[in-house]
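# Report on the structure
Residue-level listing of the chains:
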Amino acid sequence: MSTAASDVRRDTSEEWQEYYQRLGKKNTAALWEVLSEIVPVQPRRACVPAMWRYEEVRPLLLEAGRRITAREAERRVLILENPGSAGQSRTTQSLYAGLQLVMPGEQAATHRHVASALRFVMESDGGYTTVNGERITMQPGDCILTPSWTWHDHGNAGDKPVIWLDGLDIPIVNLFESSFFEHSPREMEPVTRPGAMVAYPYARSRETLEGLYRASAIDPCHGVKMPLANAATGGSTLPTIAAFLQILPAGFRGEPYRATDGTIYCAVEGHGCSRVDDATFCWKQHDVFVVPSWCAVRHQAESEAVLFSFSDRPAQKVLGLWREGQP
Ligand code: GTQ
């Protein structure tokens, strides 16, 4: 492995220390002390591989349902915090994920923010989200978008808890210090865009995936993986986030793959295990796991399995940052 230019012997003599102090007083610093940290040879990750088992987190979320109302909380969500970045409200370095709960009869207030969101529905019989005045019903497996600065609220007209996985680009927006947020002064927003543009019903995407599975070759790393294209633009799901659905045939033994877009996975159907660097995550429906940037992942499926995933790939691509490879 090559060494960075700054791996020189640090001079700790008093004379140098005194010089560094004078630099600090003028708000300057010696690059040669930090170069290999700030320009690493390959990605230096704060985030680590991690998994959240649905059967463990769901009871905690339902407990939140007894402790706080959706109104009080604004959004009743348990953030899936990466243990390598505890307290930073992030799941990968650039993306936020959380599990949101809306109890029967509840309605979460109408607001909008610069951060874009996707929702991947886990449990819903009567759940809905309203995007710029258009009500979109939620069914398990549906993916629903809340593009940047669109008004949205969530509700539950059924008699059972509604739960979904939220994915937002909050850390990206905050990196750029470009966040705005506001509550709606109105109870209802006028309809300003068709709901079909922001909804990916599972029945439809699953059928498209099945067609691809029958028609195309199985990728040795990904099985058959398809992006959820943006219906309005034909481009990525959201400007900053791409969502994918992939099928792993029964008995699939994937080859290792890595890419610079840290990726959040949610198991939809079947069960299997994914090896992420040295960790092995055995997953079943609704379990969530994260593959940080440039970590090798290899998926294995016992039964035929379907995984939903999302990452910041479009943001990295447009900035010329994205790389992938087989480790
Ligand atoms: O549903 O609008 O998980 O504003 C975090 C912030 C969900 C939402 C989150 C939010 C929302």
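Each remark here, short or long, concerns the structure printed above.
Residues numbered from 1 in each chain as written. Predicted model: local features only at pLDDT ≥ 70, side-chain atom pairs only at ≥ 80, totals over all residues. Heavy atoms only, no water.

### A few points about the site of the ligand
- Around the ligand, the neighbouring residues are Arg75, Val77, Tyr96, Gln100, His111, His113, Arg119, His152, His154, Asp166 and Leu168.
- Within the side chain of arginine 75, a nitrogen or oxygen atom sits 3.0 Å from an oxygen atom of the ligand.
- Here an oxygen atom of the ligand sits 2.7 Å away from a polar atom, N or O, in the side chain of tyrosine 96.
- When the free accessible area of the ligand is taken as 290 Å², the share hidden by the protein chains comes to 90%.
- Counting only elements with at least two residues in the shell around the ligand, the list comes to β3 (96-102), β4 (107-113), β9 (152-156) and β10 (162-168).
- Here the residues of the shell around the ligand sort into 3 nonpolar, 5 polar and 3 charged. (Near = heavy atom within 4 Å. Polar contact = N/O pair within 3.5 Å; in protein donor to acceptor, adjacent residues only side chain to side chain. Areas by Shrake-Rupley, 256 points an atom, 1.4 Å probe, with all protein chains shown as cover. Helix = DSSP H or I, 4+ residues; strand = E, 2+ residues; numbered from the N terminus. Nonpolar A, V, L, I, M, F, W, Y, C, P; charged D, E, K, R; others polar.)

### Some points on the state of the cysteines
- Throughout the structure, instances matching the rule amount to 1 disulfide.
- With a sulfur-sulfur separation of 2.1 Å, cysteine 273 is cross-linked through a disulfide to cysteine 282. The disulfide joining cysteine 273 to cysteine 282 has a torsion of about 100° about its S-S bond and is therefore right-handed.
- Residue cysteine 282 is classed as partly exposed on the basis of its relative accessible area of 38%.
- Free of any disulfide, cysteine 47 has its nearest neighbouring cysteine sulfur in cysteine 295, separated by 9.5 Å.
- Residue class for cysteine 47 comes out buried when judged on its relative accessible area of 6%.
- Not part of a disulfide, cysteine 143 finds its nearest cysteine sulfur in cysteine 266, a span of 11 Å. (Disulfide = S-S within 2.5 Å. Buried < 20%, exposed > 50% of the residue type's maximum accessible area, 1.4 Å probe, protein only.)

### Remarks on the pattern of salt bridges
- Scanning the model with the defined rule gives 15 salt bridges in all.
- One salt bridge in this structure joins glutamate 210 and arginine 206, with 2.7 Å as the shortest N-O distance. In this pair, glutamate 210 and arginine 206 both sit in helix α6 (residues 202-215), 4 residues apart, roughly one turn of the helix.
- Exposure remark for arginine 206: the relative accessible area of 13% places this residue in the buried category. (Salt bridge = Lys/Arg side-chain N within 4 Å of Asp/Glu carboxyl O.)

### Considerations on the nonpolar core
- If you look at the biggest cluster of nonpolar residues, it comprises 49 residues, and the most contacted ones within it are Leu118, Leu165, Phe308 and Phe310.
- Beyond its immediate stretch of four places on either side in the chain, phenylalanine 308 contacts Leu118, Phe120, Cys143, Leu228, Ala243, Phe244, Leu245, Ile264, Tyr265, Cys266 and Val268.
- Counting residues in each nonpolar core, the second largest holds 15 residues, with Met51, Phe252, Ala267 and Cys295 among its members. (Core = buried A, V, L, I, M, F, W, Y, C linked by side-chain atoms within 4.5 Å. Contact = heavy atoms within 4.5 Å.)

### A few points about the sheet that holds strand β21 (residues 305-311)
- Read from one edge to the other, the open sheet built from 6 strands follows the order β1-β19-β16-β21-β14-β13, with strand pairing classed as antiparallel. Edge positions in the open sheet fall to β1 (50-52) and β13 (224-227), since each of these has one partner strand only. Taking each pair of neighbouring strands and ignoring which way they run, the sheet shows an average axis angle of 25°.
- Here β1 pairs with strand β19 (residues 288-291) via 3 bridges, running antiparallel. (Pairing = 2+ DSSP bridges. Axes fitted to C-alpha atoms, helices over the stretch in contact; angles between N-to-C directions.)

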